[in-house]
Amino acid sequence: DGSVMRIANSPAVLAQHMQRTGGKVVTRFPPEPNGYLHIGHAKAMFVDFGMAVQYGGVCYLRYDDTNPEAEKQEYIDHIAEIVSWMGWSPWKVTYASQYFAQLHAYAVQLIKAGKAFVCHQSKAEIEESREQGLPSPWRERSIEENLRLFEDMRRGLYKEGEATLRMKMDHKNENPNMWDSVAYRIKYVQHPMAGDEWCIYPSYDFTHCLCDAIEDITHSLCTLEFESRRASYYWLLDVLDTYKPVVWEYSRLNITNTVLSKRKLNRLVTEDHVHGWDDPRLLTLAGLRRRGVAPASINAFCREIGITRNANVIPYHKLEHHVRLHLDVNSPRTLAVLRPLKVVLTNVPEQHSSTVQGATLPGRPESQAYDLPFSRVVYIEASDFRLQDSKDYYGLAPGKSAMLRYAYPITVTGYSTAADGSISEVAAEADLSFVAGGGKKPPKGVLNWVAQPAPGQDPERAEVRLYDVLFKSEAPDALGDAWLEDLNPDSLQVVQGAMVNPHLAATAKAFDRFQFERLGYFSVDPDSKPGQLVFNRTVTLKDSFKK
Ligand code: ATP
Ligand code: MG
Ligand code: MG
């Protein structure tokens, strides 16, 4: 991005980078392993890895693992996997925790410089005195005492909450991030990487800038909420006289009708409002993957929205647009029926069994033919039959004709109703003499259909999961504590008994993506078992959004 390079290309900064990295761009993507990554992280990766790629540099994947109570190996493993799924290759994988000894040494150095003190205020007391611009009563301890007490903290001589190490910054500064921030706190918690080696853990404010300096990060890119922390970032690096990365902030990505903070995602998952971190209704990367979205679509979306500093909530349909663009080019077509209505073709003999040819990518040179069984009993979409015909309706009605895609025109000759008045079966005649391009004009309406693969044998059934937005309002984050009440009760609709072609049933593997002609793009859910396919609708065929 232009503006960050403008800052970074100033002579003083360039000279520093030349000395540290030989002029190479070094960035980092620093997730905290306290949950699964979401589409906002895709933007962060696009910025961090993307910038390294653009300038021939390198990018670290650095786990910001300083809050052991919230962090898990499961998340660490997932992050590694999903970063690679997104197409990014970290230069090195590092952990803030691998620098714990070095960070501890820096803390000691800070105390020796008279710039840190051990404080015994409670969390609430710290907040209160900070608000009032008052110093901690422990602020003026001697360096010797602070060194001794910090060592006591490290040796586990205090209980949690009894002591913190605080930076001696500027408790009167107008920026709250300068009010003597906490550098170390006591936690008797097993760490996923460091085990029980430490009972004191460094804070974000202490850790992040120092890890950036240790790794010679040239461009430390982060989201705008960290802008106010620049002061403390550089304060610490100044006092410790380390190398100083260029910090640049960009806006956080928000998307309509969803939430992205890991804290909220965690509640949705643990309180069972959704079915796990990879629920296709979530905009976690695992959810998007399961829904059938390709990484290329996510990155194209990130490219389109750009790396700006404007606060923004991006409409969900902008993402869908890129999902469709990719799937249109890349996903093979097939025929399926979501809600089947039986049609008996009365002029086709009961024992008739033949095939017609479908095309995976109609009109394109790479298209392949596949077989569609054709027989006396076919199933069409229930919504493609009406008793009342009308001018702009191309489906079937009594006496009306429509084309079975890739096969023959059929004309309705009768129908029967169930006890509740619904249509239970349609009778029709097929024009078996019809040849595509043979001179006869086909009817305007073209229907998706699935036939009995053999006389009397039901087509392969599948479960299809249809999704709508997870939250009813565009900005659930704006609802404060009431955000959970805004959940859309109809965000998941499960359709049992959809019908698919035998060729699809035989070849589909988990995560495969297809277009069901006329119905949308669908991908195979990993819940599928042999003979029991489950599909997720990734996106409908057309954007229903009205401009
Ligand atoms: P969350 O509240 O979702 O947990 P976070 O910022 O605490 O977000 P981290 O795991 O610390 O999550 O984030 C790693 C990187 O991803 C950081 O640089 C962060 O700024 C960036 N990031 C997180 N959420 C977004 C977002 N919505 N848009 C852009 N970047 C994001
Ligand atoms: Mg974070
Ligand atoms: Mg967070």
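The present account deals with the structure reproduced in this document. (Residues numbered from 1 in each chain as written. Chains lettered and ligands numbered in written order. Predicted model: local features only at pLDDT ≥ 70, side-chain atom pairs only at ≥ 80, totals over all residues.)

1. Things to note about the overall build of the protein
- Along the backbone of the protein there are 14 helices and 27 strands.
- Relative to the compact-globule value of 24 Å for 547 residues, the protein shows a C-alpha radius of gyration of 31 Å, a clear excess of over 25%.
- Dimensions of the protein along its principal axes, counting C-alpha atoms only, are 100 × 50 × 40 Å.
- Here the protein, with 547 residues, has 39% of them falling under the buried criterion.
- Partitioning the contacts of the protein with sequence separation of at least 6, the portion at a separation of at least 24 is 70%. (Helix = DSSP H or I, 4+ residues; strand = E, 2+ residues; numbered from the N terminus. Rg over C-alpha atoms; globule rule 2.2 N^0.38 Å. Buried ≥ 20, exposed ≤ 12 C-beta atoms within 10 Å, placed from the backbone. Contact = placed C-beta atoms within 7 Å.)

2. Some points on the site of ligand 1
- Neighbouring ligand 1 are 15 residues; Pro-31, Gly-40, Ala-44, Thr-223 and Lys-262 lie closest to it.
- If you list the elements that add at least two residues to the shell around ligand 1, you get helix H3 (39–54) and strand E8 (219–223).
- The element contributing the most residues to the shell around ligand 1 is H3, with four residues.
- Considered class by class, the residues forming the shell around ligand 1 number six nonpolar, four polar and five charged. (Near = placed C-beta within 6 Å. Nonpolar A, V, L, I, M, F, W, Y, C, P; charged D, E, K, R; others polar.)

3. Quick notes on the pairing of strand E5 (residues 164–167)
- Across the two faces of E5 the burial is the same, with Thr-164 and Arg-166 and Leu-165 and Met-167 all buried.
- Here four bridges tie strand E4 (residues 116–119) to E5, and the two strands are oriented antiparallel to one another. Residue pairing in the sheet places Ala-116 in a bridge with Met-167 of E5.
- Pairing between E5 and strand E6 (residues 182–186): three bridges, direction antiparallel. Paired with Thr-164 across the bridge in E6 is Arg-185. (Pairing = 2+ DSSP bridges.)

4. Re the packing of helix H8 (residues 204–214) against helix H9 (residues 230–239)
- Put simply, H8 and H9 touch, their axes get as near as 9 Å, and they point 65° apart. Once H8 is placed against H9, the crossing between them reads as right-handed. Touching Asp-205, Phe-206, Cys-209, Leu-210 and Ala-213 of H8 are Ser-232, Tyr-233, Leu-236 and Leu-237, all from H9. (Axes fitted to C-alpha atoms, helices over the stretch in contact; angles between N-to-C directions. Left-handed = near helix turned anticlockwise from the far one by under 90°.)

5. Observations concerning the sheet that holds strand E17 (residues 377–381)
- Taken together, seven strands build an open sheet; the order of strands is E21-E18-E19-E20-E14-E17-E22 and the sheet is mixed. A strand with exactly one partner marks an edge of an open sheet, and here the two such strands are strand E21 (446–447) and strand E22 (449–451).
- Sheet topology places strand E14 (residues 340–345) next to strand E20 (residues 423–430); four bridges connect them, and they run parallel. When the sheet's bridge partners are listed, Val-344 is paired in E20 with Ala-427.

6. Brief notes about the environment of Gln-515
- With respect to the helices and strands, the residue Gln-515 is situated in strand E25 (residues 513–516).
- Note: C-alpha distance between Gln-515 and Leu-288 (227 residues apart in sequence) is 17 Å.
- Beyond its immediate sequence surroundings of up to four residues, Gln-515 is in contact with Leu-327, Ser-331, Arg-333 and Tyr-521.

7. Let's talk about the nonpolar core
- Of all hydrophobic cores here, the largest spans 130 residues; its most connected members are Ala-107, Trp-449 and Val-450.
- The leading source of residues in this core is H3, at nine residues.
- When near neighbours in sequence (up to four residues on either side) are disregarded, Val-450 contacts Leu-335, Ala-336, Val-337, Val-378, Tyr-379, Pro-459, Met-499, Val-500 and Asn-501. (Core = buried A, V, L, I, M, F, W, Y, C linked by C-beta atoms within 7 Å.)

8. Some thoughts on unusual backbone geometry
- One non-glycine residue with positive phi stands out, namely Asp-241, at about 55°.
- By secondary structure assignment, the location of Asp-241 is in the loop between H9 and strand E9 (246–250).
- Its identity as a non-glycine residue notwithstanding, Phe-511 has a phi of 75°, on the positive side.
- As for its position among the elements, Phe-511 is in the loop between helix H14 (502–507) and E25.

9. A few points about the pairing of strand E26 (residues 520–524)
- In terms of residue burial, E26 counts as a mostly covered element, since five of its five residues are buried.
- Strand direction decides the pairing type here: E26 and strand E27 (residues 533–539), joined by four bridges, are antiparallel. Looking across to E27, one finds that Tyr-521 is bridged to Val-539.

10. Looking at the packing of helix H12 (residues 295–305) against helix H13 (residues 316–330)
- For the pair H12 and H13, the least separation of the axes is 8 Å and the interaxial angle reads 135°. With respect to H13, the element H12 is oriented oblique. Relative to H13, H12 is oriented so that their crossing is right-handed. Between H12 and H13, the contacting residues are Ala-296, Ser-297, Ala-300, Phe-301 and Glu-304 on the first element and Lys-318, Leu-319, His-322, Val-323 and His-326 on the second. (Parallel < 35°, antiparallel > 145°, perpendicular 65-115°, else oblique.)

11. Observations regarding the sheet that holds E4
- Here we have four strands laid out as an open sheet, ordered E4-E5-E6-E7, and antiparallel in their pairing. The open sheet is flanked by E4 and strand E7 (200–202), the only strands paired with a single partner. Strand-to-strand, the axes of this sheet are offset by a mean angle of 20°, without reference to chain direction.
- Here helix H5 (residues 100–112) sits on the sheet in contact with E4, E5, E6 and E7, set at roughly 100° to E4.

Keep in mind that these numbers describe shape and distance, not what the molecule does.
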